[in-house]
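Architecture at a glance
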Amino acid sequence: MKRRRLLPLLTIAPMLMGAEQPKLVPDVSQRQIDIIYSFTGAELLLFGAILYPGGRAPTKPPEIAVVIKGPPEPVLVREKARIAGIWINADSNAYRSVPSFYALASSKPIGTIVQPRTAVIYELGIDNLQLSPSSGGDPAEARRFEEGVVDLKRRGGYYSESAHGVEISEGVLYRARIAIPARVPVGRYTAETYLIQDGRVVAAATRDIDIAKSGFEAFVSRWSEKHAIIYGLFAIALSLTLGWIAGQISDRLKR
Amino acid sequence: MDLYLPIAGLSVNMLVIVGLGGVVGLLSGMFGVGGGFLTTPLLIFYGIPPAVAVASSATQITGASVSGVIAHGKRDGVDYHMGWVLVAGGAIGSLAGGWLFRTLQRLGQIDTVVGLLYVVLLGSIGIMMARESIGLLVSQWRGAAPRPAARRHHPLIAILPLRWRFYKSGLYISPLAPALLGFATGMMTVLMGVGGGFILVPAMIYLLGMSTRVVVGTSLFQILFVTAATTMVHALTTHAVDMVLAALLLIGSVTGAQIGARFAQRIKPEYLRLALAFIVLVVAIRMGLGLGWRPAEIYSIEPLA
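Residue numbers restart at each chain and count upward from 1, following the sequence in its written direction. The naming scheme follows written order: chains are lettered A onward, ligands numbered 1 onward. Confidence filtering applies because this is a predicted model: local features only for residues at pLDDT of at least 70, side-chain atom pairs given and counted only at 80 or more, and all residues used for totals across whole chains, interfaces and linings.

Where an unreviewed UniProt entry is consulted, chain B appears under the name Probable membrane transporter protein, with the organism given as Sphingomonas montanisoli.

Naming follows an unreviewed UniProt entry, where chain A appears as TIGR02186 family protein of Sphingomonas montanisoli.

Details of the domain arrangement of chain A
Residues and elements named next belong to chain A. To keep things clear, this is the line we draw: Start and end points for every domain follow an automatic or database-based domain assignment. Residues are scored as being in contact if the C-beta atoms we place from backbone atoms lie within 7 Å. Each helix is a run of H or I in the DSSP string that is no shorter than four residues. Each strand is a run of E no shorter than two, and both are numbered from the N terminus. For this scheme, ten residues count as nonpolar: Ala, Val, Leu, Ile, Met, Phe, Trp, Tyr, Cys and Pro. Four count as charged, namely Asp, Glu, Lys and Arg, and the remainder, Gly too, count as polar.
Its domain assignment divides chain A into domain 1 (2-213) and domain 2 (214-255). Computed over C-alpha atoms, the centres of domain 1 and domain 2 are 41 Å apart. Each partner contributes to the interface: domain 1 provides 6 residues, whereas domain 2 provides 6 residues. Put simply, the parts of the chain that give the side of domain 1 that touches domain 2 at least two residues each are strand S2 (32-35) and strand S12 (200-213). Tallied by class, the residues present in the side of domain 1 that touches domain 2 amount to 4 nonpolar, no polar and 2 charged.

So, the interface of chain B and chain A
Often, the extent of an interface is quoted as the loss of accessible area upon association of its parts. Facing the 44 residues of chain B at the interface are 47 residues of chain A. Secondary structure elements with two or more residues in the side of chain B that touches chain A: strand S1 (2-5), strand S2 (10-13), helix H3 (50-74), helix H9 (212-237), helix H10 (243-264), helix H11 (269-292) and strand S5 (299-303) of chain B. With 8 residues, the top contributor of residues to the side of chain B that touches chain A is H3(B). Among the residues making up the side of chain B that touches chain A, the classes are represented as 25 nonpolar, 15 polar and 4 charged.

A closer look at unusual backbone geometry
Our working rule: Comment: burial labels come from other C-beta atoms within 10 Å of the residue's own C-beta, placed from the backbone, where a count of 20 or more is buried, 12 or fewer is exposed, and between is partly exposed.
Positive phi is not limited to glycine here, since Ala84(A) has a value of about 50°. With respect to the secondary-structure elements, Ala84(A) resides in the loop between strand S5 (72-83) and strand S6 (86-99). Even without being glycine, His239(B) reaches a positive phi, approximately 50°. Within the fold, His239(B) resides in the loop between H9 and H10. A residue is classified by how many C-beta atoms lie within 10 Å of it, and His239(B), with 18 of them, is partly exposed.

Re H3(B)
All names here are of chain B. The condition that has to hold: To estimate the expected span of a helix, count its residues, drop one, and scale the result by 1.5 Å. Each residue is assigned a bend, namely the angle between axes fitted to the seven residues that terminate at it and the seven residues that start at it.
Taking 1.5 Å per residue, 25 residues should reach 36 Å; H3 reaches 37 Å between its end C-alpha atoms and fits that length. The largest bend in H3 is about 35°, located at Ser-65. By the criterion of burial, H3 is predominantly enclosed, with 20 of the 25 residues buried.

With respect to the UniProt feature "transmembrane region" (unreviewed entry) in chain A
Keep this limit in mind: UniProt positions are given in the numbering used here, feature names are shortened, and annotations may be inferred rather than shown by experiment.
UniProt's entry tags residues 228-247 of chain A with the feature "transmembrane region" (unreviewed entry), counted in the numbering of this structure. Structurally, residues 228-247 of chain A comprises 100% helix and 0% strand, and the distance from its first C-alpha atom to its last is 28 Å.

A look at the sheet that holds S6(A)
The test is simple: Two strands are counted as paired when DSSP detects at least two bridges linking them. An axis is simply a line fitted to the C-alpha atoms; with a helix, the fit covers only the stretch in contact. Between two such axes, the angle follows the N-to-C directions and lies from 0 to 180 degrees.
Strand order across the open sheet formed by 3 strands is S6(A)-S5(A)-S5(B), with antiparallel pairing between neighbours. Since the sheet does not close on itself, it has two edges, and those belong to S6 of chain A together with S5 of chain B, each with one partner. Within this sheet the neighbouring strands show an average axis-to-axis angle of 25°, counted without direction. Pairing of S5(A) with S6(A), which is carried by 11 bridges, proceeds in the antiparallel orientation. Residue Leu76(A) lies in a different strand from S6(A), and its bridge partner there is Ala94(A).

In structure tokens, the structure reads:
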């Protein structure tokens, strides 16, 4: 657990060793999101402080970008085409790791605060996500499919970018609100915070957030997967019982 | 009132789902059909994943047909002999359907095939019902007595080998005929999330030539067992049965069915049949247009195991 959090810090260690650089003290409002019957989505608050070497903010304060990423998943993307008058799935492309969720919030539009190369390295911005196609095909076709995926995810609320989503007060404290919609898949999410100065990332920190079904919801989905026979029988029994009770009630009402 | 559906994996408005079940129940009470052909498309339209909609709708139909089977059984309206033959065919059909469902899912063609099935089946049934009820109304209007339909099984049925006697149905035919019929509806239940009553009842009357007294009860008997088998097939293969969704639909549909049944007593059956034909045709046309129109989403994503 601890090592995982240290890793991003280690990757930028060479940069930290150079000059005195500001540090990040980040946190998230919730480390664990439980999906229960009344779950309609959640709002995460990412907040923290920037510690400057001299104790005071420089004249040109740095910028902050925060990213929440859902567990990556291998997916198959299908493309519909009109064949014999009806629209059916025709072409398909497989991708090894498509983030199930991606939300970026930054203090200024992300394109104006980081260099394009840095943005690609840290996957800052929806257009910089690396989906890693598993079938090495025509690059133009791969791009067409990727655009399709991103567009679908964006409109579904799974991918989002907010150009002014991070608020920095006094150049020291920052906070960002990111909405997690109700349809998100479960799993381990990461909340990454980047401190950006002169187009480069000077400090980064990661926190894990677990999103899991809980209580009755967890119970039902676990049994439907692990004990499918018992689950199926129970579903039938439930349906029969409800139907039978309803029949009894209506008989009483008729008399 | 929002409620998170554990298998569908999304939050829905509870009242909308119960209301949806209620509207379908109202229609099924009025017209004496299961209404699965309306539930599944409406659920998909509401945003429920198609596999979950089909599977949970089958579970709901099981519950919705219990009281009907009991009621028809009490007044000797079920031919159990015929019923078991249908169920046996239906069980094999649902297994075959489950295999077909998985295969089509892998090929990415399940939605298209289900759409086409809806258009073809509902379209032809709707046209048949509309023609018949309009013909009946026209002859009534002219004052002529309606031609009594000859109750005789289809010549093709007579060719089949091995004949059994089905006393309550008043038939001496090959059990292969009802078994094949059961097989077809079992497959439809798995693929389309319908009970198949709208195919079964006309087929029993016009193809098998069964005594009308036992047609509805026997078809409900078959639907009860085959939808239960289908729930099992889906639970084991697609893991898409959402108990919570099925329970909500059921609460709505049994309530609606009571109101519908009362409402139906005040309307002439010919008009009811025409209205049902109209609804069936509207669904078929809507599904057909959906296949031909440029879809809102050209791309679709499915997880790879």
